[in-house]
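Commentary on secondary and tertiary structure
Here is what each chain is made of, one letter per residue.
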Amino acid sequence: MAEIVQVPRSAFAFCRWSLTALLWTAFLLRLTWPVAVVLVVLALSALLKVHRSPMIKLWSWTALRIRPARHFEFMDVGAMRFAHGAGALLAAGVLTALYASPRGGRGALLFFCCLKTISAFGFCPASKLFACLRKGGCCALTGVNRC
């Protein structure tokens, strides 16, 4: 059975958009440290679970003290751990590529920026993949009629 947690909608939006902004900043300004920050945040989010992730806690300790949340997201912990873990691995790969081959690394960073932007809009491919794998396959990937 899936573990579901409740997270303030504004905190989750802050998390998604701030990490996306960090990645685009890294790309546009040719910096590597923002990618490292994203790596650390995503890795901690995967380890601590989404409701205790660093960006959710930061928002809760600051903005939510001024204006308490009225709207919440109900999230599948397993799917979010998978998504954050996959994002951390992707960030580690991009960071490695940036140091090993800056030109190829920038291409990988651009791909990561685009993927994270899609996720920031709420279409998280990694959590969708997790849900698909949990069901034993999806018709779009395997031809199995379980969608």
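Predicted model, so just to flag it, every value in this text is computed and none were measured. (Residues numbered from 1 in each chain as written. Predicted model: local features only at pLDDT ≥ 70, side-chain atom pairs only at ≥ 80, totals over all residues. Heavy atoms only, no water.)

Across all of its chains, the model carries two salt bridges by this definition. Across the salt bridge formed by Glu 3 and Lys 49, the nearest N and O atoms sit 3.2 Å from each other. Of this pair, Glu 3 sits in the segment before β1 (4-8) while Lys 49 sits in the loop between α2 (33-48) and α3 (54-61); the two residues are 46 residues apart in sequence, bridging distant segments of the chain. Since its relative accessible area comes to 37%, Glu 3 is described here as partly exposed. The closest approach of N and O atoms between Glu 73 and Arg 9, which form a salt bridge, is 3.2 Å. Of the two residues, Glu 73 is situated in strand β2 (residues 72-76) and Arg 9 in helix α1 (residues 9-29); the sequence distance between them amounts to 64 residues. (Salt bridge = Lys/Arg side-chain N within 4 Å of Asp/Glu carboxyl O. Helix = DSSP H or I, 4+ residues; strand = E, 2+ residues; numbered from the N terminus. Buried < 20%, exposed > 50% of the residue type's maximum accessible area, 1.4 Å probe, protein only.)

This brings us to unusual backbone geometry. Its identity as a non-glycine residue notwithstanding, Arg 30 has a phi of 55°, on the positive side. Mapped onto the elements, Arg 30 comes out in the loop between α1 and α2. The class for Arg 30 is exposed, based on a relative accessible area of 62%. If you check the backbone angles, Lys 49 has positive phi at about 80° while not being a glycine.

This brings us to the packing of helix α5 (residues 77-100) against helix α6 (residues 102-120). At a closest axis distance of 6 Å, the pairing of α5 and α6 adopts a crossing angle of 155°. The orientation of α5 relative to α6 falls into the category roughly antiparallel. Relative to α6, the crossing made by α5 is left-handed. On the side of α5, the interface is formed by Gly 87, Leu 90, Ala 91, Val 94, Ala 97, Leu 98 and Ala 100, while α6 contributes Pro 102, Gly 105, Arg 106, Ala 108, Leu 109, Phe 111, Phe 112 and Leu 115. Here the residues of the contact of α5 with α6 are counted per class, giving twelve nonpolar, two polar and one charged. (Axes fitted to C-alpha atoms, helices over the stretch in contact; angles between N-to-C directions. Parallel < 35°, antiparallel > 145°, perpendicular 65-115°, else oblique. Left-handed = near helix turned anticlockwise from the far one by under 90°. Contact = heavy atoms within 4.5 Å. Nonpolar A, V, L, I, M, F, W, Y, C, P; charged D, E, K, R; others polar.)

This is a description of form; function is not addressed.
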